[in-house]
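Structure assessment
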Amino acid sequence: MSLISRRRLITTGLATAAGATGLGVAAKLSRKYGLVPPDCKGVYGAGETLTYGAERLFARHAMAREFPRSMICEKPFANEIAPPTDAFKRMQARNFVDWRLTIDGLVEHPMTLSLADLKTMPVHSQITEVSCEEGWSHIAEWIGTPLSNVLNEAGLKPGVRYIYYRAVEPYLWETIDVDEAMHPQTLLTMGMNDGDLPVGFGGPLRLRLPRQLGYKSLKFVIHITAVDSVKNIGKGLGSIDPEAGYSWYAGI
Amino acid sequence: MQEWAIRHGRGRPRDNRASTPANTNHSPGTPGWNPTQTYVPGPRFSCYSLRVATLSPVKPKIERRHKVIVRVTHWLTVVAFLALVVSGLEIVISHPRFYWGEVGNVNMKPAFTLPIPASRDTVPTGYNYQWPDQNGWSRYLHFEAAWVLVLTALVYGVWGLVSGHFRRNIIPVRGERNWSAVLSRMAKYLRRAPPDKREEKSYNVLQRVTYLVVIFMLFPAIILTGLAMSPSFVGAFPAIALIAGGKQTARTLHFFLTWSLIAFMIVHVAMIAISGFWRRMRAITIGGGSAAEEDR
């Protein structure tokens, strides 16, 4: 039966209007409070937005688990890395004294830091797990200085929403939101298990994000930029991950 | 609605015969059904003739075999589950090794290894072949489908509690909460005896126990072990990882639970095929008319 009564029409119409308005308001609020990831579009955008939004809503400041020293793996697994370039090998031969980390973008004091400069900052160590999207994991002690120390020193300007970071290979770049960047466990890592961070694990400088999967913890970091939007970086999806078919947010 | 249409001259009753008293609905379980009338059960698929009778202008309230919320949540679960299985198997082939405890990687001895090639070259499998790597979209799809599953489960779970669906249809009835009831129903299945009258409208004890295990044990367990693998979720709720026995234990259990749910699905579909596939399909999709159509 396809006949529609007037009452039905009015109620359905009102309900649709209320639903549409509700969705519009929800979308606006979600954007305002940073609950929408850069890869929110497409077939998988809805699931991705729910995952990221729920995490940011309920666990924005949650801490990754830290483990007792006895749980450190004897033989941690170093995932494969791209073959180092000649420039990298030259720096490695000189024990990375030429390694520089540039901090620029929307900051009060753009700066370039050597590893020695970074080591003068407050040292923090954490025994956390590396979880790979493939399924394997290992636990190690990671030593370095929280990214928030460097960002506070540089002074983030108002309006900064994302922190861009790039490896020595220019095609390897990522972004994280400011909350993740300022999280106390987000670590500019220079040491591992009481030694220097081995090259296989991202030495001399890796940004470790224990609350996310391994692929967000970029190895060989040389450049950090504070930005207000990721629209103009690459394809505007937030990092190379969505460009390669992986989710930008890797907390799951 | 139809009376309204007639009053406004928009239409006429489609079937005049149907409005004569002789043709009122004869379906058992519906108003007007007189069990003393001679009722001749039709052939196995006699439902079509009964269906015509339901086209009377004043529709009696038809008791559907499955409520609309059951039908909608059932199919949402089917779609989500199949997407989860396909994407889950895609993800697992990137590291077809399983471990117990918190950590596990190729430098450690696995609890067991699937005898298949991997989709990543960092995993030693002994095969000279590598699957194509499909982890990107598989992970996107896996978590999107997981949201569909979890939200559907919430709707179904809350409704099932509030409406009494679980109490009426899922929890075994009083007097059948024992092994002998389960065993005697199992024996009936093995003898291929026809179902009881009671089973027309609801489930027998064996079905209830099975659904109880699937709804309240397997699905919650597979969701929790899935969440126990998420670094941020476990950060927010560390108890999840402890309950699961560590990330790698959670992953291994997640894998076993997948197979137990696949086993359930195979048996479930097989039982439906045996008991009348299209009739059951009508019941779980369009509602399949009255309860009387069932098991007739």
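Values in this document were obtained by computation on a predicted structure and should not be read as measured data.

The rules behind these values
Residues numbered from 1 in each chain as written. Chains lettered and ligands numbered in written order. Predicted model: local features only at pLDDT ≥ 70, side-chain atom pairs only at ≥ 80, totals over all residues. Helix = DSSP H or I, 4+ residues; strand = E, 2+ residues; numbered from the N terminus. Buried ≥ 20, exposed ≤ 12 C-beta atoms within 10 Å, placed from the backbone. Contact = placed C-beta atoms within 7 Å. Pairing = 2+ DSSP bridges. Axes fitted to C-alpha atoms, helices over the stretch in contact; angles between N-to-C directions. Parallel < 35°, antiparallel > 145°, perpendicular 65-115°, else oblique. Left-handed = near helix turned anticlockwise from the far one by under 90°. Nonpolar A, V, L, I, M, F, W, Y, C, P; charged D, E, K, R; others polar. Expected span 1.5 Å × (residues − 1). pLDDT = per-residue confidence, 0-100. Core = buried A, V, L, I, M, F, W, Y, C linked by C-beta atoms within 7 Å.

1. A word on the overall build of chain B
Helices and strands together make up the secondary structure of chain B, namely 10 helices and 2 strands. Along its sequence from the N terminus, chain B presents helices and strands in the succession α-α-α-β-β-α-α-α-α-α-α-α. Here chain B holds 296 residues, and the buried ones make up 26% of them. Partitioning the intrachain contacts of chain B with sequence separation of at least 6 by distance along the chain shows that 66% fall at a separation of at least 24.

2. Here we look at the overall build of chain A
Scanning chain A for helices and strands turns up 7 helices and 10 strands. Counting only C-alpha atoms and orienting by the principal axes, one finds that chain A spans roughly 80 × 40 × 30 Å. Taking all 252 residues of chain A together, 40% fall into the buried category. Counting only contacts in chain A whose residues sit at least 6 apart along the sequence, the fraction spanning at least 24 positions is 65%.

3. Brief notes about the sheet that holds strand β1 (residues 100-105) of chain A
Residue and element names in this part refer to chain A. The 5 strands lie next to each other as β2-β1-β10-β5-β6, forming an open sheet whose pairing is mixed. The open sheet terminates on both sides in strands that have one partner only, identified here as β2 (111-114) and β6 (173-177). The average angle at which neighbouring strand axes cross in this sheet is 20°, direction not considered. Bridging between β1 and strand β10 (residues 221-227) involves 4 bridges; their strand directions are parallel. The residue of β10 that forms the bridge with Thr 102 is His 223.

4. Here we look at the packing of helix α3 (residues 68-92) of chain B against helix α4 (residues 135-163) of chain B
All names here are of chain B. For the pair α3 and α4, interaxial distance at closest approach is 8 Å and the crossing angle is 155°. On the basis of their axis angle, the class for α3 and α4 is roughly antiparallel. As for how α3 packs across α4, the hand of that crossing is left-handed. Split into classes, the residues belonging to the contact of α3 with α4 amount to 15 nonpolar, 8 polar and 2 charged.

5. Concerning helix α6 (residues 179-191) of chain B
Given a rise of 1.5 Å per residue, 13 residues ought to cover 18 Å, and the 18 Å separating the end C-alpha atoms of α6 of chain B matches this to within 8%. Of all 13 residues that make up α6 of chain B, 1 are buried, and the element is exposed over most of its length.

6. Quick notes on the confidence of the model for chain A
For chain A, per-residue confidence averages 92 on the pLDDT scale, and 98% of positions sit at 70 or higher. No element of chain A has a lower mean pLDDT than helix α1 (residues 6-32) of chain A, at 87, and none a higher one than strand β9 (residues 206-208) of chain A, at 97.

7. A short note on helix α3 (residues 86-93) of chain A
Buried residues are scarce in α3 of chain A, accounting for 0 of its 8 residues. The positive-phi residue at the C-terminal boundary of α3 of chain A is Asn 95 of chain A, with phi of around 60°.

8. Quick word on the interface of chain A and chain B
Residue-level contacts link 40 residues of chain A with 34 residues of chain B. Breaking the side of chain A that touches chain B down by element, the ones donating at least two residues are α2 (45-58), β3 (124-131) and β4 (137-146) of chain A. The dominant element in the side of chain A that touches chain B, judged by the number of residues it contributes, is α2 of chain A, at 7 residues.

9. Quick word on the packing of α2 of chain A against α4 of chain B
Remark: α2 of chain A packs on α4 of chain B, axes separated minimally by 8 Å, with the N-to-C direction vectors making an angle of 70°. In terms of their interaxial angle, α2 of chain A and α4 of chain B are classed as roughly perpendicular. Residues Ala 46, Gly 47, Glu 48, Leu 50 and Thr 51 of chain A of α2 of chain A form the contact with α4 of chain B, whose own contacting residues are Tyr 140, Phe 143, Glu 144 and Trp 147 of chain B. For the contact of α2 of chain A with α4 of chain B, a count of residues per class yields 5 nonpolar, 2 polar and 2 charged.

10. Observations concerning the nonpolar core
In terms of nonpolar packing, the biggest core is built from 36 residues, with Leu 147, Ile 163, Tyr 165, Leu 188, Leu 205, Leu 207 and Val 221 of chain A touching the most fellow members. Those elements that place two or more of their residues in this core are β1, β4, α5 (147-154), β5 (162-167), β7 (187-192) and β10 of chain A. The greatest single-element share of this core, amounting to 5 residues, is contributed by β5 of chain A. Not counting residues up to four positions away in its chain, the partners in contact with Leu 188 of chain A are Leu 118, Gly 144, Thr 145, Leu 147, Val 150, Leu 205 and Leu 207 of chain A. Judged by nonpolar contacts, the second largest core, of 12 residues, contains Ala 228, Val 234, Ala 244 and Ala 250 of chain B.

11. Some thoughts on the confidence of the model for chain B
All names here are of chain B. Summary statistics for chain B give a mean pLDDT of 82 and a share of 76% for residues scoring 70 or more. When the criterion is pLDDT under 50, residues 1-26 qualifies, and its contacts beyond four places in sequence or with other chains add up to 35 contacts. Taken together, the stretch residues 35-54 has pLDDT below 50 and engages in 15 contacts with residues farther than four places along the chain or on a different chain. Among the scores for the predicted complex, ipTM is 0.90 and pTM is 0.83.

12. Side note on the environment of Asn 107 of chain B
Residue position: Asn 107 of chain B is located in the loop between β1 (97-98) and β2 (112-113). Considered as a pair, Asn 107 of chain B and Val 123 of chain B are 16 residues apart in the sequence and their alpha carbons are 10.0 Å apart. If sequence neighbours within four positions are ignored, Asn 107 of chain B has contacts with Lys 75 and Phe 77 of chain A.

13. Observations concerning the pairing of β2 of chain A
Relative to β2 of chain A, β1 of chain A runs antiparallel, the two sharing 4 bridges. Bridge assignment links Ile 103 of chain A to a residue of β2 of chain A, and that residue is Met 111 of chain A.

14. Focus: unusual backbone geometry
Residue and element names in this part refer to chain A. Cis geometry marks the peptide bond from Gly 203 to Pro 204; its omega dihedral reads 10°. Relative to the assigned elements, Pro 204 resides in the loop between β8 (195-196) and β9. Backbone geometry at Phe 96 places phi at a positive 65°, although glycine is not the residue there. Phe 96 sits in the partly exposed class, given 19 other C-beta atoms within 10 Å. Within the chain, Phe 220 stands out as a residue other than glycine whose phi angle is a positive 55°.

15. Here's the deal with the pairing of β4 of chain A
Residues and elements named next belong to chain A. The buried count for β4 comes to 9 of 10 residues, which makes it a mostly enclosed element. With 8 bridges connecting them, β3 and β4 associate as antiparallel partners. Along β4, the bridge assignment pairs His 124 with Gly 144. Looking at chain direction, β4 and β7 are connected through 5 bridges and run antiparallel. Bridge pairing in β7 links Ile 143 to Gly 191.

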